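As a plain string of letters, each chain reads:
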Amino acid sequence: MNNLLAVKDLHTYFHLRNGVVKAVEGVSIEVKQGEVVGIVGESGCGKSMTALSIMRLIQPPGRIEKGEIIFKGRDLLKMEDEELRKIRGSEISMIFQEPMTALNPVFTVGYQIEEVLKLHSELGKEERKSRVIEMMRKVGLPDPEKRYREYPHQLSGGMRQRVMIAMALIMNPSLVIADEPTTALDVTIQKQILELMKTLKREYDMSLIFITHDMGVVREISDRVYVMYAGKIVEEGSVEEIFENPLHPYTVGLLDSIPSVNIEDRKKPLKSIEGSVPDPANKPSGCPFHPRCEKAMDICRNVEPPLVKISETHFVRCHLYG
Amino acid sequence: MGSDFVRRFFRDKVAVTGLILVIAVFIVAIFAPYIAPYPPDAIDPSHPLQPPSIHHIMGTDSLGRDVFSRMVYGARVSLLVGFVAVGISTLIGTILGAIAGYYGGWVDTIIMRFVDIMLCFPTFFLILAVIAFLNPGIINIMVVIGLTSWMGVARLVRAEFLKLKSQEFTQAVVAVGARDLRIIFKHILPNAMAPVLVAATLGVAGAVLTESALSFLGLGVQPPTPSWGNILAEGKDNIEIAWWLSFYPGLAILITVLGYNLVGEGIRDAIDPRLKDE
């Protein structure tokens, strides 16, 4: 399997008045054809910025400083705006976190899905409409002919997220980036949306980058997982490697903080990781996780750990394995 | 959004009332020759400053002209000036404000400093100065009012764009591959129109008032062509003995301004379904 997308050494910085915020610092990610890649981490670890960088949606004062984003053999960062525009929405599309605000309130949902076809195809009016209605049915919107004429505010959060999914998939893209698509939804709806995405992923044979802070969701959907902390990848591996044999103390901490369904386990207090994500404008020296790490050694304070290879697919950035 | 918008607008009784006022003034302006009982400039020296009566329902002025007939023709001038001037200022203000707000950076700096420069001039004296060079006349007045009153709209639109461009739906349309012009004018602008429409209705009122003031000073619509402004100006000379010369033009301006305000608010509610249906 070839790489559909290869992000290499991506650096995205925000130049603010009181300093430079290094939101993404040397992230490398690979996505193969048909693969689901999960990116996990706490809020502020740079996972959304990585996603936005791939689509080149970073707005000033943010800027992509360095790196390559190779999609189907071509560097998106070197592309002309017009070329990139043709790729956005048709070959790479994005599902946003907040279905409440990601749809334009003044247009009907049917119009907004149809617009993607207007931008990227030569289809006639009737054909577009029937494709939209078909897509709305596929994402499980009941009564699509009626929904077609409704405004976003008339739909529930879960239905709006289905509309976003319909917009993202209607051009049959090879890569879909989903930025916390289930975070803003109720738990029961989360489950439905997750199942829907799994079904559609199989049907459309697309690759998916799934960004979330929820380890349970990652396990459910991903083939491979990247764990991010303070703008860097701290561990990567197959979903089995990450969940059965987590190596980085941060990954271990994330897994320990999931409530268990097992009654025996429930008697023990739920663990949490002490402290919070460092201020990205003022990151600790050495390993950025050392102030919160139970196993921190002297070297961690001064020397940044390299990415250590554990197996063909499993890598970890920690001095414990160096 | 077309038919939904119309349906929501007509459900709003206050907005419909405003629309009726506006349409009434429009009908009067369009059918002026059929409504006015006398020619607007027919002088009758034997009946100057007659109070309202069966023959002259709004009385006569100092030259014995029928005030009602002059008011009816004056509606044409006021509406034309109001509409064209606001049309010009809204167009300029919207385009410049949208570009400044969307692109930001040096584009924004240049446009907004230009706005500041324009705002430095006392608008009314700027208009006076320009009109003094050009010939006073209805076309010049419309253009000059339009060219000197777009700055407020530009600021409003820019502020709305600054707010809207960071919202997720803007990012979402960029992410589906829309071009800048489409994003600016099709997706963001309709969301930014509500305050512009309110500003435009007030702008109509403002333009009507500016036209009146210019006419009053003899730099506006030239007699014998009637405008509410120059009837009002004439009324001022005789305000102690002929109240009707001031009262009716004032009432006409009030009704017109009120009508536009109600319509503007109705449009705002109808264009933004969230405000109504929930």
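Residues numbered from 1 in each chain as written. Chains lettered and ligands numbered in written order. Predicted model: local features only at pLDDT ≥ 70, side-chain atom pairs only at ≥ 80, totals over all residues.

A word on the overall build of chain A
A count of helices and strands for chain A gives twelve helices and twelve strands. Against the 2.2 N^0.38 benchmark of 20 Å for 322 residues, chain A shows a C-alpha radius of gyration of 21 Å, consistent with a compact globule. Seen through its principal axes, chain A has C-alpha atoms that stretch 70 × 50 × 40 Å. Residues counted as buried form 45% of the 322 residues belonging to chain A. (Helix = DSSP H or I, 4+ residues; strand = E, 2+ residues; numbered from the N terminus. Rg over C-alpha atoms; globule rule 2.2 N^0.38 Å. Buried ≥ 20, exposed ≤ 12 C-beta atoms within 10 Å, placed from the backbone.)

Side note on the overall build of chain B
A count of helices and strands for chain B gives 13 helices and zero strands. Beginning at the N terminus, the succession of helices and strands in chain B can be written as α-α-α-α-α-α-α-α-α-α-α-α-α. A principal-axis box enclosing the C-alpha atoms of chain B has dimensions of 75 × 45 × 30 Å. Counting across all 278 residues of chain B, residues that qualify as buried make up 43%. Intrachain contacts of chain B at a sequence separation of at least 6 include 69% that bridge at least 24 residues. (Contact = placed C-beta atoms within 7 Å.)

What about the interface of chain A and chain B?
The figure often quoted for interface size is the accessible area lost as the parts come together. The interface of chain A with chain B comprises 26 residues on the first partner and 20 residues on the second. It is helix 3 (residues 109–120) of chain A that contributes the most residues to the side of chain A that touches chain B, four residues altogether. Taken together, the residues of the side of chain A that touches chain B break down into 14 nonpolar, seven polar and five charged. (Nonpolar A, V, L, I, M, F, W, Y, C, P; charged D, E, K, R; others polar.)

Here we look at the environment of I231(B)
Residue and element names in this part refer to chain B. Its place among the elements puts I231 in helix 11 (residues 228–237). With 26 C-beta atoms packed within 10 Å, I231 lands in the buried category. When the C-alpha atoms of I231 and V263 are compared, they prove to be 27 Å apart, with 32 residues separating the residues in sequence. Filtering out sequence-adjacent residues up to four positions away, I231 remains in contact with V67, R70, M71, G74, P226, L245 and P249.

Description of the packing of helix 5 (residues 105–120) of chain B against helix 8 (residues 151–165) of chain B
Each pair of packed helices gets described by two things: the angle between the helix axes and the distance between those axes. Residue and element names in this part refer to chain B. The N-to-C vectors of helix 5 and helix 8 enclose an angle of 150°; their axes lie 10 Å apart at closest approach. By the angle between their axes, helix 5 is roughly antiparallel relative to helix 8. Handedness of the helix 5/helix 8 crossing: left-handed. Two secondary-structure elements touch here, helix 5 through V115, M118 and L119 and helix 8 through M151, A154 and R155. Looking at the contact of helix 5 with helix 8, its residues break down into five nonpolar, no polar and one charged. (Axes fitted to C-alpha atoms, helices over the stretch in contact; angles between N-to-C directions. Parallel < 35°, antiparallel > 145°, perpendicular 65-115°, else oblique. Left-handed = near helix turned anticlockwise from the far one by under 90°.)

Observations concerning the confidence of the model for chain B
Per-residue confidence for chain B averages 86 on the pLDDT scale, and 96% of its residues sit at or above 70. Confidence, read as mean pLDDT per element, is least for helix 13 (residues 273–277) of chain B in chain B (55) and greatest for helix 5 of chain B (94). (pLDDT = per-residue confidence, 0-100.)

Quick word on the nonpolar core
Formed by 89 residues in total, the largest nonpolar core has its most connected members in I113(A), A166(A), M167(A), I170(A), I177(A), I209(A) and M228(A). Looking at this core, the element that brings in the most residues is helix 6 (residues 157–169) of chain A, giving eight residues. Residues contacting I113(A), with those up to four places away along its chain left out, are V132(A), M135(A), M136(A), V163(A), A166(A), M167(A) and I170(A). With 45 residues, the next largest nonpolar core counts I127(B), V208(B), L214(B) and I267(B) among its residues. (Core = buried A, V, L, I, M, F, W, Y, C linked by C-beta atoms within 7 Å.)

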